[in-house]
Amino acid sequence: CNVPRELVDAFCRACPRCISRQPRPPGRAGYKPILTRGFGVRGQVDLIDFQSSADGSYKWLLVYVDHGTKLCDVRPLTSKRPLTVVATPPPS
């Protein structure tokens, strides 16, 4: 039962099931750019714990990164309570 390779390839090109299972081009997994229109539109805030190596009463570090301008601003905090974080002046 030897079937020529050309005949198998022709069958696969015409078979509806084989056509629907064509390999898709590989995508760029996990990459989706964040598009913004300037400063202050979208940003990311992180709190870093420095309790083990505190500088006086400053035990936390607030890091703000603006997605539009890639500006990074760092502010020391005495606590991570919401009132303390909200009262921190915004980057200028």
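Attention in this report is confined to the structure presented alongside it. Everything numeric in this text was worked out from a predicted model, so none of it was measured. (Residues numbered from 1 in each chain as written. Predicted model: local features only at pLDDT ≥ 70, side-chain atom pairs only at ≥ 80, totals over all residues. Heavy atoms only, no water.)

On to the pattern of salt bridges, then. Two side chains with opposite charge may pair up if their charged atoms get near one another. Using the criterion set out here, one finds 2 salt bridges in the structure. Here Arg5 and Asp9 are joined by a salt bridge, their closest N and O atoms 3.6 Å apart. A residue pair is termed a helical-turn pair when its members lie 3 or 4 positions apart in one helix, as Arg5 and Asp9 do in helix α1 (residues 5-14) at 4 residues. Taking the relative accessible area as the measure of exposure, Arg5 reaches 59% and is therefore exposed. (Salt bridge = Lys/Arg side-chain N within 4 Å of Asp/Glu carboxyl O. Helix = DSSP H or I, 4+ residues; strand = E, 2+ residues; numbered from the N terminus. Buried < 20%, exposed > 50% of the residue type's maximum accessible area, 1.4 Å probe, protein only.)

Let us look at the sheet that holds strand β1 (residues 43-49). In spatial order, the strands read β1-β2-β3; together these 3 strands make up an open sheet with antiparallel pairing. Single-partner strands in this sheet number two, and they are β1 and β3 (72-77). If you compare each strand with its neighbour and ignore which way they point, the axes differ by 20° on average. Across 6 bridges, the pairing between strand β2 (residues 60-66) and β3 is antiparallel. In the strand pairing of β3, Leu62 is matched with Arg75. (Pairing = 2+ DSSP bridges. Axes fitted to C-alpha atoms, helices over the stretch in contact; angles between N-to-C directions.)

Next up on the list: the pairing of β3. The alternating pattern of β3 places Asp73, Arg75 and Leu77 on a buried face and Cys72, Val74 and Pro76 on a face that is not buried. Counting the residues that bridge the hairpin from β2 to β3 gives 5 residues, and of these Lys70 lies at a positive phi of roughly 65°.

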